[in-house]
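# Summary of the model geometry
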Amino acid sequence: MEKQLKRIHREKYTLSVMIMLYCNNCHKTDKNTLCAECDKLLMYAMERIDKCPFSLKKLRKPTCLNCPVHCYKRDAREAIKNIMRYSGPRMLTRHPVLTLFHFIDGSGKPEDIVKDKNVL
């Protein structure tokens, strides 16, 4: 279980770094600050991660890209996709360890959860 908590904490941290990188460069905010729109999106994303059915059931949580359940509203999902498209390549040089862990986390499957509909 401890491993799952570390994974979720790392996912939250990675997402916050990606949003910060995007906001600082695209919205021209000061370093380590977010505009109101990005701050709202970050809070929404953190809430969605906290309420993820995989983490609540203490199962192996997939990355959102590989998840069979889409927790985000459509506009938030599009915003996150744009942020990841922008930040992803830049993360490789600025935060290589986080990038490596994100790829490792995304490489697995959600433990046949889709087969067992009663789990979710």
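For the structure, check the block above.
The following refers to the structure shown.

Take the packing of aromatic side chains next. In the structure shown here, the tally under the stated rule is 2 aromatic pairs. Taking the centre distance of 5.7 Å and the plane angle of 80 degrees together, the rings of Tyr22 and Tyr86 count as edge-to-face. On the criterion of sequence distance, the pair formed by Tyr22 in helix α1 (residues 2-26) and Tyr86 in helix α4 (residues 74-94) is long-range, its members being 64 residues apart. Tyr22 sits in the buried class, given a relative accessible area of 18%. An angle of 85 degrees between the planes, with centres 5.7 Å apart, marks the rings of Tyr44 and Tyr72 as edge-to-face.

Next up on the list: a nonpolar patch on the surface. Taken together, the side chains of Val97, Leu100, Phe101 and Ile104 present a nonpolar region at the surface, about 370 Å² in accessible area. Here Val97 lies in helix α5 (residues 96-107).

Attention now goes to the nonpolar core. Residues Leu15, Ile19, Cys38, Tyr72, Ile80, Ile83 and Met91 are the most contacted members of the largest nonpolar core, which totals 22 residues. Contributing elements (two or more residues each) for this core: α1, α2 (36-50) and α4. Ranked by the residues each element gives to this core, the list is headed by α1, at 8 residues. Sequence-distant contacts of Tyr72, defined by excluding residues within four places in its chain, comprise Leu15, Tyr44, Ala45, Arg48, Cys64, Arg77 and Ile80.

Right, let's get into unusual backbone geometry. Located in the positive-phi region is Lys28, a residue other than glycine, with phi close to 55 degrees. Here Lys28 lies in the loop between α1 and α2. Notably, Asn32 is not glycine yet its phi reads approximately 65 degrees, a positive angle. Along the chain, Asn32 falls in the loop between α1 and α2. For Asn32, a relative accessible area of 57% puts it in the exposed group.

Attention shifts here to the side chain of Thr14. The topology assignment puts Thr14 in helix α1. According to the relative accessible area criterion, Thr14 is buried, its value standing at 6%. Each residue touching Thr14, except ones within four places of it in the same chain, is listed here: Met91 and Leu98.

Basis of the calculations
- Per-chain numbering applies: the sequence of each chain, read as written, is numbered from 1 onward.
- Only residues with pLDDT of 70 or above have their local features reported here, since the model is predicted, and side-chain atom pairs are shown and tallied only from 80 upward, although totals for entire chains, interfaces and linings are computed over all residues.
- The side-chain values count all of the structure's non-hydrogen atoms but skip hydrogen atoms and water molecules.
- The rule is short: rings of Phe, Tyr and Trp, with Trp giving its six-membered ring, pair when the centres are within 6.5 Å, and they are stacked under 30 degrees, edge-to-face over 60, tilted in between.
- Every helix listed is a DSSP run of H or I at least four residues long, and every strand listed is a run of E at least two residues long, numbered separately from the N terminus.
- Between buried and exposed lies partly exposed: a residue is buried under 20% and exposed over 50% of the maximum accessible area for its type, with that area taken using a 1.4 Å probe on protein chains only.
- Distance thresholds for patches are 9 Å for like charges and 5 Å for nonpolar side chains (Val, Leu, Ile, Met, Phe, Trp, Tyr), applied to residues having over 30% relative accessible area and no salt bridge.
- Note that accessible areas follow from Shrake-Rupley with a 1.4 Å probe, and for residues the cover is restricted to the protein chains shown.
- By salt bridge we mean one thing: a side-chain nitrogen of Lys or Arg within 4 Å of a carboxyl oxygen of Asp or Glu.
- Grouping buried Ala, Val, Leu, Ile, Met, Phe, Trp, Tyr and Cys residues that are joined through side-chain atoms within 4.5 Å yields what is termed a nonpolar core.
- Whether two residues touch is decided by their heavy atoms; if any such pair falls within 4.5 Å, the residues are in contact.

By themselves, these figures tell us nothing about what the structure is for.
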